[in-house]
Amino acid sequence: MMENREAGGSEPLRIRAHHLLCMQGFQGLGYSEEFTKNMALITDKLLNDSNFLLEIVTEADSICQHCPHRVGDRCEQEHPSGKISSMDIQVLKNLKIKPGTLISSPEALSQTKNLHPSVVKKICGDCLWRDNCLYYQEKCPP
């Protein structure tokens, strides 16, 4: 599930661009118990272990692995407007990186911490987790 540098693996951990924001505001809530456990494990590793190399993607990632809405590399919750993909694209644009970029977890998280509140508000839009997201609350207080 999370093989990476610390285990001697060489594969980067695939992370959706917008999940870089989600992980920083994660409070143990999720779509299912399996999803929440996986999200907690990945979030803890990425926030506390500088050895993780990430591949930033715009499709299903390591966090989506246990999501009940995952269908292959896509999210069945994706609206025709492409709302979820749009969040990924906006993060990539603001971090000035392309899909497939390899980056260390501390560097990726540091860059997202520097996003301006107006950018975060636009990216997160009407995300259903927004009211429970510490990252969003810190960046965009009421």
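One can find the structure itself at the top, above this paragraph.
Bear in mind that the values here come from a model prediction, so they are computed numbers and not experimental data.

Asks: Could you give an account of the packing of helix α3 (residues 83-95) against helix α5 (residues 117-124), with specific residues and numbers?
Replies: Interhelical geometry of α3 versus α5 gives an angle of 155° and a closest axis separation of 9 Å. With respect to each other, α3 and α5 are oriented roughly antiparallel. Residues Met87, Gln90, Val91 and Asn94 of α3 lie in contact with α5, whose contacting residues are Val119, Lys122, Ile123 and Cys124. Each residue belonging to the contact of α3 with α5 can be placed in one class, and the counts come to five nonpolar, two polar and one charged.

Asks: Give me the sheet that holds strand β1 (residues 13-16): which residues, what numbers.
Replies: Pairing is mixed in the open sheet, where three strands are placed in the order β1-β2-β5. A strand with exactly one partner marks an edge of an open sheet, and here the two such strands are β1 and β5 (102-104). The average undirected angle you get between the axes of adjacent strands in this sheet is 45°. Bridge count between strand β2 (residues 53-57) and β5: three bridges; the pairing is antiparallel. Residue pairing in the sheet places Glu55 in a bridge with Leu102 of β5. Its contacts with the sheet put helix α4 (residues 105-113) on β2 and β5, and the angle it makes with β5 is roughly 85°.

What counts and how
Residues numbered from 1 in each chain as written. Predicted model: local features only at pLDDT ≥ 70, side-chain atom pairs only at ≥ 80, totals over all residues. Heavy atoms only, no water. Axes fitted to C-alpha atoms, helices over the stretch in contact; angles between N-to-C directions. Helix = DSSP H or I, 4+ residues; strand = E, 2+ residues; numbered from the N terminus. Parallel < 35°, antiparallel > 145°, perpendicular 65-115°, else oblique. Contact = heavy atoms within 4.5 Å. Nonpolar A, V, L, I, M, F, W, Y, C, P; charged D, E, K, R; others polar. Pairing = 2+ DSSP bridges.

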